[in-house]
Structures are given as structure tokens and as C-alpha cells.
Amino acid sequence: MQLFNCDHCGHPVYFDNVRCDNCGHSLGFDPERMLMLSLVAEEGGKWRSPASGKLFKYCANQTHDVCNWLIPMEKDSQYCMACELNRVIPNLTNPIYADRWRKIEQAKHRLVYALLKWGLPITGKFKDTDSGLIFDFKADDHLPEGERILTGHAMGVITLNIAEADDVEREMAKKQMDEVYRTVLGHFRHEVGHYYWEQLVLDSPWIDGFHLLFGDERQSYQACLDYYYRNGPQKDWGNSFISPYATMHPWEDWAETWAHYMHIVDTLETAYSFGLQVQPRRKKQGDWLSTHVEENAYTCKDFQTIISMWMPLSIAMNSMNRSMGARDLYPFVLSAPVVEKLSFIHRVIHGVKDLQ
Ligand SMILES: [Zn+2]
Ligand SMILES: [Zn+2]
Ligand SMILES: [Zn+2]
């Protein structure tokens, strides 16, 4: 995520801010130009951006404190391009659910930010029923005994069980599933990976490369799922997969690896925004632990540059967290086959077909 500044006073502001802590101006995010704008209220719910001279309205979800994105005044839509992807939202008369929705939207807006950065197609199912994307955020209420809402993706519909936005519930699920990392943002990145596999890989020239690296997805998903939950992952999964779950089926390997590509690129953009540099004061054994994050990973076309910035940075970040008694920020090991899969995803996202 890039570092934003209030364009009135220059103070650093977060992506989710609706107000500048320094000068008090209202703020909104303009997704068309990826800018944080300071705003002056005008009559009739209009907001003027003095920097651009343009008139905007806030997304209707701003009233629920879940969105700070702006819509050009001339557009009919009530919702911004991130919120118009919602089909089902939680029952807001329940304050616990409203709070969960806030956390969910924070993560979803970050997801959409990344998709915009890459210029990937983002069309809601309301506009394109066949290949559009839509989100359902559901609670377990009113389900028959023993049934639960399953987080997942099916034909452009991403369903999230809103319990995932509850820290205690999520930690319990994480422990039960024996996972090292589980976040709402991680769920979104994984599920949207399934969606873009259908959009970018299936029925495309990338499919042969996919089969070579990830395997043949035409094997029965249900049989693989049953086998995985009966027997667990293969013992040596760390040699060629990013996580145990990635061993389940080629689709899951793709989605898990895709999510990691998103983790890495967004974290590197943050490091780039802050001008981070890692240069260990230790006896030199090769310089692979040093890096200066001088390129924005969202636009960097060379995957090797991305990975050579990531390795030292992730080790430094893990060391910082350990100093605070916290868990590793990036509790994963990237084996050579995983790096190759990440590189493939990088090429698919950037459409670098000549390197296939
Ligand atoms: Zn300000
Ligand atoms: Zn919105
Ligand atoms: Zn999945």
C-alpha cells in the first residue's frame, strides 16, 4: 500500500482515513486516479476537491463508516466501485455484525486497491452476470443445526462467513486447521485468486504452463478434498508448496500462491513508500540479506527484482516482530518451486506472454 498524504497540509494519512488528524479536512479516496483528496463541503451532499477542482459525492456506505471512496458527482451510482461489488451484507441492526462488516470492508477495499493497481478487470455481476465478480458477506444465523456458511468462491461469487472478522473465532479456526496465518485480507486474496484463474488462465494460452507448474485441475475436486481431510497433506509439502492446503488440488495451490503474490507485492509497496533499506551489520556472507526497496512491486516487471527485495525484507520484518514477542509477520518459506509458481502468477498478472 502506498503512503498517502493530505493534499491540503501534507500530513501523512492512512488509506481508510475520512479526516486529516492535522488540519481537520474531510478526506476521500478517488479510485480513478488513486489519490487521497482533501474536500470542502458544498450544498446538496457535494464535496469539492480544491486540488483537482472536481466535485464528488461520498459512497453511500460512508454513512456506515465502512468506506471513504469518492464518486464523481456526474455519475448516477450511489456506491463506489468497491462497494457496488457487494450483494449481501450483514444485518446492521446487530452492532456486532456492523463492527465485523467494518473490518471486512477495510480488507476488501485493500483487495480492490491492488486489483486497480494492476489494471485487472473488475466488473460486478450486476453488470456482467456471466463473468462478473460479487461478494456475499453472510452470518450463520437461521441455518439448520450443524450447517455453516462456508467461505469460498464459485463462478464469480465470493462468500465470506462474517465470523472470520471476529478475532477470537478466527483464531479458533486457525488453531483447529493448524494454520500459521489466517486473516480476512488473506481470505479475500485467496478467493479472488480462484476468480482470476477463471478469468485469466482457463481457456487461455496460460493453461499449459499452469498444468506444468500446478498440475491438472480436471481431477475430481471432491475426491481431492476428501483425501486431504482424511489423510492430511503430504509430508514433504514444504519442498514445493507454500502451505499444506495448497497440496489439496491445483486450484488451491494456485489460490494460495496467488494470495502470497498479493501479500508480497503490497507489503513491498509499503516498504517502497517508506524508502526502507535493509543492510545487516554482520559479517558478510554474500549480500543476499541486503536490499534497498527502490522499485514499486506493483509496477515492477522483473519478478527477480521483486523476490530479491522480498527475501531480506521478510527476514528483517520477522526479526522485528520477534523482538516484540509477536509472531512472525511472514511465517513462510519460499522454496524454489514456489518461487517459480509466483513468477508464473506475476507473468499472468502483467500479461508478459513472451516469457511463458
Ligand atoms: Zn491535512
Ligand atoms: Zn464504497
Ligand atoms: Zn480455495
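The structure this text deals with has already been given above.
For the structure given in this document, a descriptive report is provided here. Given the structure is predicted, the values throughout are model-derived calculations rather than measurements. (Residues numbered from 1 in each chain as written. Chains lettered and ligands numbered in written order. Predicted model: local features only at pLDDT ≥ 70, side-chain atom pairs only at ≥ 80, totals over all residues.)

## A closer look at helix α8 (residues 336–350)
With 15 residues, α8 extends 21 Å from end C-alpha to end C-alpha; this agrees with the ideal 21 Å at 1.5 Å per step. Taken together, the buried positions of α8 are Val338, Lys341, Leu342, Phe344, Ile345, His346, Val348 and Ile349. Where α8 is buried, its residues touch α1 (95–118), α3 (184–201), α4 (207–214), α6 (250–273) and α7 (303–323). Within two residues after α8, Gly351 carries a phi angle of roughly 65°, on the positive side. (Helix = DSSP H or I, 4+ residues; strand = E, 2+ residues; numbered from the N terminus. Expected span 1.5 Å × (residues − 1). Buried ≥ 20, exposed ≤ 12 C-beta atoms within 10 Å, placed from the backbone. Contact = placed C-beta atoms within 7 Å.)

## Details of the nonpolar core
Among the nonpolar cores identified, the biggest contains 75 residues, and Val265, Leu268 and Ile306 are the most heavily contacted of them. The biggest single contributor to this core is α6, with 11 residues. Sequence-distant contacts of Ile306, defined by excluding residues within four places in its chain, comprise Ile264, Val265, Leu268, Ala297 and Cys300. (Core = buried A, V, L, I, M, F, W, Y, C linked by C-beta atoms within 7 Å.)

## As for the environment of Leu92
Here Leu92 lies in the loop between β8 (86–88) and α1. Considered as a pair, Leu92 and Ala336 are 244 residues apart in the sequence and their alpha carbons are 46 Å apart. Apart from residues no more than four positions distant in its own chain, Leu92 is found in contact with His64, Tyr97 and Ala98.

## Here we look at the sheet that holds strand β11 (residues 157–161)
In sheet architecture, strand pairing relies on hydrogen bonds along the backbone and comes in two forms, parallel and antiparallel. Strands sit in the order β8-β9-β11-β10 across an open sheet of four strands; the sheet is mixed. Lying at the two open borders of the sheet, with one neighbouring strand each, are β8 and β10 (152–154). Strand-to-strand twist in this sheet, taken as the mean axis angle between neighbours without regard to direction, amounts to 25°. Sheet analysis places strand β9 (residues 134–138) next to β11, joined by five bridges and oriented parallel. Residue pairing across strands places Lys138 opposite Asn161, the latter belonging to β11. (Pairing = 2+ DSSP bridges. Axes fitted to C-alpha atoms, helices over the stretch in contact; angles between N-to-C directions.)

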